[in-house]
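Given next are the chains, with one letter for each unit.
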Amino acid sequence: MNWHNIVTVYLKELKDSLRDRRTLLSTIIIPTLVMPLLTFGVGKVASTVINKAREETPSIAILGGEDSPAVVQQLRESKKFHVVPATANFKQLITDKQLRAAVQIPAGFEAGLKAGAAPAVTIYHYEGELKSQFGVGELERFLRELRDKTVADRLAERSLPTTLAKPFDFKRENVAPPEKVGGNLIGGIVPYLIIILCFSGAMYPAMDLTAGEKERGTMETLLCSPVARVDIVLGKFLMVLTGSLSAMGFMLLSMSTTAFFAGSMFGGGAVRAQAVANAPTSESLIPMIDPIGLIGVVAMVVPVAVMFAAVAFTIALFAKSYKEAQSYLAPLMIVVILPAVIGMLPGIDLNARLALVPLLNLSLVCKEMLSGVWHWNYIAIIFGSSCFYAAIALALAVQMFKREDVIFRT
Amino acid sequence: MIEAHHLTKIFRDKKRGEIFAANDITFRVQPGQIYGLLGANGAGKTTTLRVLATLLAPTRGTATVAGFDVACEAEKVRANVGFLAASTALYGRLTAREMITYFGRLNGMTDPAIRARLKQLSAELDMSEFLDRRCDKFSTGMKQKTSIARTLIHDPAVMIFDEPTLGLDVMTARAIVRFVRDCRGRGKTVIYSTHVMSEVEKLCDVIGIIHGGKLLAEGSLAELRQRFGETDMEEIFVKIVGEEGAS
Ligand SMILES: Nc1ncnc2c1ncn2[C@@H]1O[C@H](COP(=O)(O)OP(=O)(O)OP(=O)(O)O)[C@@H](O)[C@H]1O
Ligand SMILES: [Mg+2]
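One structure accompanies this document, and this report is about it.

**Considerations on empty space enclosed by the protein**
Scanning the entire structure with this criterion turns up 2 cavities of 30 Å³ or more. Counting residues per element, the ones that place at least two in the lining of the largest cavity are strand E6 (81-85) and helix H5 (140-152) of chain B. Grouping the constituent residues of the lining of the largest cavity by class yields 5 nonpolar, 5 polar and 2 charged. Lining the second largest cavity, in full, are A:Val304, A:Met307, A:Pro358, A:Leu359, A:Asn361, A:Leu362, A:Ser385, A:Ser386 and A:Tyr389. When residues of the lining of the second largest cavity are assigned to their parent elements, the largest contribution, 3 residues, is made by helix H15 (residues 376-402) of chain A. In the lining of the second largest cavity, the residues fall into 6 nonpolar, 3 polar and no charged.

What follows is the structure, given as structure tokens:
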């Protein structure tokens, strides 16, 4: 091993890669754009849609209720709904989104209330449709108020205290500081993004530096030089690793910048969007991120990036052409995404067994570290196992490069 | 100086089984000599030259290039060899200057030495006009000149050419032939493979006819003419290869 040669190869590959559009796209441009696009783009669209939905007065239909004029009258007078005449095809209208919801008032509803019977009111809605849910929410609030009033009237009639029907009250209070709440929300998506970007950041330089060189005929030129094969592999590998780490670096950099700007100029929309999505608190969508947690994440990702770089390098080296390399590495992307997605699911927590599953362990430990939880024993196991896998992958890459049936594969 | 002793290279192929791409090849090239390896497609020229350039390891036999063994002193061999083939391309995203400088550095040269040598080569090969342009925009002639400068940057004692005129027009091919002759003039050991009869006639001091991985005949043009009673190289070639085919 000769460091001078390794550095020479590395610097040349770096210069060459900086002139390659595909590599620039995957290692710098996409990582930089992904967070701003996610927060400003998706956040903005979501909040706009939700606000529009809330501003709309939902159209509802009243079914039945001919013998309950008081209730019908109250519904009609409410500013929260726009009551339209009921038709027989109301279900179809709800499906077609011309009607948000319908409320079925059973025959003899008001008479039943007076007599102490318990008549059931039915609300028709379209599950999962946002505007329909708003209509349902308003209808339920209306009915709840009506029920509370009925209870209060009945208690008053019998001269009983209101606490008889409502013996105690309760409310929620959040104790998590804002960045920890953020850790749980961001904690899911950040490791996921880092894993994917690290892999795609390694993938393009790896293909360009191996199969791409074979295809363009420069591999043989390079092998003619007196530099040892080991030095060539390590120089090239360092470039692939640079691609992987720079994808992570640019993503984190742009995320911090986004968070900084979003905090000041983008309070409204995102906050509301999240409040509607029933998040535990109504903090910003891009909350403060614990910098210590972030450093932890970066440290944990480095050995995994080494592994990605070595694996992508080895596989791409085997291919004869850029296209062939792509057809090997694209399916591998799914293998990488899968554990990252599982790690993003809520409720899956780190345990001793999961700590040994590559990638999933990274995803889970990053989620913890970003929400301020540090299980040092798991962290040690995960870091150690990642380094071990990385070393094996790198050794494999060096061995593959020395095999002439791989380099001169026909 | 190049010496090959019973050099054999076997490829193992799933469909074709064992392929003797080079089979028991023995020859010697002196400094100031051009050795022409003449053979048809698939004869084993590229394989033989790749073994000499240490890109492939020999299965059996030995070879020394510039006094170093190709099997155990591969890096020293490469430091003394300039290898130019149709399959040794340029980095398209680098300029000619960057490309040549890179290979100078890989050969352990210092930057001032590279600059001085590059200036000299650029003048000799008339490259100054495109030296700072990217190689992917080059014409074939410019690419060929850049490749030549790349092989010569470290001034190797041994030059290996594998069908360097393949796909070139007459003028460019002539320029290459002239350049190969120049190498001989400077006392370099040159081995040159081709399937073009006229090139070996014009250029080579010793001709080796290779077919099916075997070196079938060897000698100067005059010797071969005398031995086979023909003046035309093509007739000689067909006689040798045909004889082998019949037996
Ligand atoms: N890497 C390899 N794996 C398997 N077989 C190979 C390999 N390289 C060459 N061969 C086979 O070895 C034989 C000699 O090939 P070689 O390329 O040396 O011939 P050549 O004389 O250079 O031919 P051409 O004029 O086509 O360049 C051929 O049959 C070829 O198919
Ligand atoms: Mg050939």
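**Brief notes about a positive patch on the surface**
Residues and elements named next belong to chain B. A surface patch of positive charge is lined by Arg174, Arg178, Arg181 and Lys202. Of all the elements, helix H6 (residues 170-185) adds the most residues to the positive patch, at 3 residues. Along the polypeptide, Arg178 turns up in helix H6.

**Some points on the site of ligand 1**
Every one of the 15 residues lining ligand 1 counts as a neighbour, but B:Arg16, B:Gly42, B:Lys45, B:Thr46 and B:Thr47 are closest to it. Neighbouring residues of ligand 1 are distributed over chains A and B. Separating an oxygen atom of ligand 1 from a side-chain N or O atom of B:Arg16 is a distance of 2.9 Å. Contact distances for ligand 1 include 2.5 Å between an oxygen atom and a side-chain N or O atom of B:Thr47. When the free accessible area of ligand 1 is taken as 630 Å², the share hidden by the protein chains comes to 76%. The cavity where ligand 1 resides is the largest pocket. Mapped onto the shell around ligand 1, the elements with two or more residues apiece are strand E2 (17-29) and helix H1 (45-52) of chain B. Counting residues per element, the shell around ligand 1 draws most heavily on H1(B), at 3 residues.

**Description of the packing of aromatic side chains**
Per the counting criterion, the structure on display carries 12 aromatic pairs over all chains. A centroid spacing of 4.9 Å and a plane angle of 70° characterise the contact between A:Phe90 and A:Tyr124, whose relative ring orientation is edge-to-face. Residue A:Phe90 is found in helix H4 (residues 90-95), and its partner A:Tyr124 is found in strand E4 (residues 122-124); the two are separated by 34 residues along the sequence. Relative to A:Phe401, the ring of A:Phe313 lies with its centre 6.4 Å away and its plane at 35°, an arrangement referred to as tilted. Here A:Phe401 lies in helix H15 and A:Phe313 lies in helix H12 (residues 291-318), a separation of 88 residues in the sequence. When sorted by exposure, A:Phe313 lands in the same class as A:Phe401, which is buried. Clustering of aromatic rings is evident, with ring pairs tying together B:Tyr91, B:Tyr102 and B:Phe103. A cation over an aromatic ring shows up here: A:Lys12 above the ring of B:Tyr91, its NZ or CZ 3.5 Å from the ring centre.

**Description of the interface of chain B and chain A**
Listed per partner, the contact involves 27 residues of chain B and 25 residues of chain A. When the two sides are added together, the surface that chain B and chain A hide from each other amounts to roughly 2600 Å², 54% of it contributed by carbon and sulfur. The three residues of chain B that bury the most area against chain A are B:Leu55, B:Tyr91 and B:Arg93, which together make up 30% of that side's buried surface. Our count for the contact surface shared by chain B and chain A stands at 7 salt bridges. Note that B:Arg50 is salt-bridged to A:Glu220, the shortest N-O span being 2.8 Å. The interface formed by chain B and chain A holds 15 residue pairs in polar contact (both at pLDDT 80 or more) in total. Those elements that provide at least two residues to the side of chain B that touches chain A are helix H2 (74-79) and helix H3 (96-106) of chain B. The dominant element in the side of chain B that touches chain A, judged by the number of residues it contributes, is H3(B), at 6 residues. Partitioned by chemical class, the residues of the side of chain B that touches chain A number 13 nonpolar, 5 polar and 9 charged.

The rules we used
Every chain is numbered on its own, with residues counted from 1 as its sequence reads. Think of it this way: whatever chain is written first is A, whatever ligand is written first is 1, and the rest follow in order. pLDDT decides what is reported in this predicted model: residues at 70 or higher carry local features, side-chain atom pairs at 80 or more are listed and counted, and totals for whole chains, interfaces and linings draw on all residues regardless. Side-chain measures were taken over the full set of non-hydrogen atoms in the model, leaving aside hydrogen atoms and water. Definitions used throughout: a 1 Å grid over protein atoms alone; a cavity as a set of points that fits a 1.4 Å probe which cannot get out; a pocket as an open set with protein on both sides within 12 Å along at least five of seven lines; a lining residue as one with an atom within 4 Å of a point. Grid points are joined across faces, edges and corners, and a volume is the space filled by probe spheres set on the points. Secondary structure elements follow DSSP: runs of H or I no shorter than four residues count as helices, runs of E no shorter than two count as strands, and numbering proceeds from the N terminus. Polarity classes work like this: nonpolar for Ala, Val, Leu, Ile, Met, Phe, Trp, Tyr, Cys and Pro, charged for Asp, Glu, Lys and Arg, and polar for all others, with Gly in that last group. Like charges within 9 Å and nonpolar side chains (Val, Leu, Ile, Met, Phe, Trp, Tyr) within 5 Å are joined into patches, using only residues over 30% in relative accessible area that form no salt bridge. To be clear on the numbers: accessible area is Shrake-Rupley with a 1.4 Å probe, and residue cover counts the displayed protein chains and nothing else. Put simply, a salt bridge is a Lys or Arg side-chain nitrogen that is within 4 Å of an Asp or Glu carboxyl oxygen. His is not counted, nor are the chain ends, whereas Lys and Arg count as positive and Asp and Glu as negative. The atoms used to mark charge sites are NZ of Lys, CZ of Arg, CG of Asp and CD of Glu. Here a residue is considered near a molecule or strand provided that any single heavy atom belonging to it is located within 4 Å of it. Here a polar contact is taken to be a pair of N or O atoms separated by no more than 3.5 Å, where protein atoms must pair a possible hydrogen donor with a possible acceptor and residues adjacent in sequence count only if both atoms sit in side chains. Placement in a cavity or pocket follows one criterion, namely that more than half of the molecule's atoms lie within 2 Å of its grid points. Pairing of aromatic side chains requires ring centres within 6.5 Å, counting the rings of Phe and Tyr and the six-membered ring of Trp. Pairs whose planes differ by under 30 degrees are stacked, by over 60 edge-to-face, and all others tilted. Remark: exposure states derive from per-residue accessible area (1.4 Å probe, protein chains only) relative to the maximum for the residue type, with buried under 20%, exposed over 50%, and partly exposed in between. Charges are assigned to positions over rings by a cutoff of 6 Å between ring centre and Lys NZ or Arg CZ, combined with an angular limit of 35 degrees from the ring normal. Throughout, a contact is declared for two residues whenever any of their heavy atoms are within 4.5 Å. Note on terms: buried area is the combined drop in 1.4 Å-probe accessible area of two parts once they are placed together, counting the loss on both.

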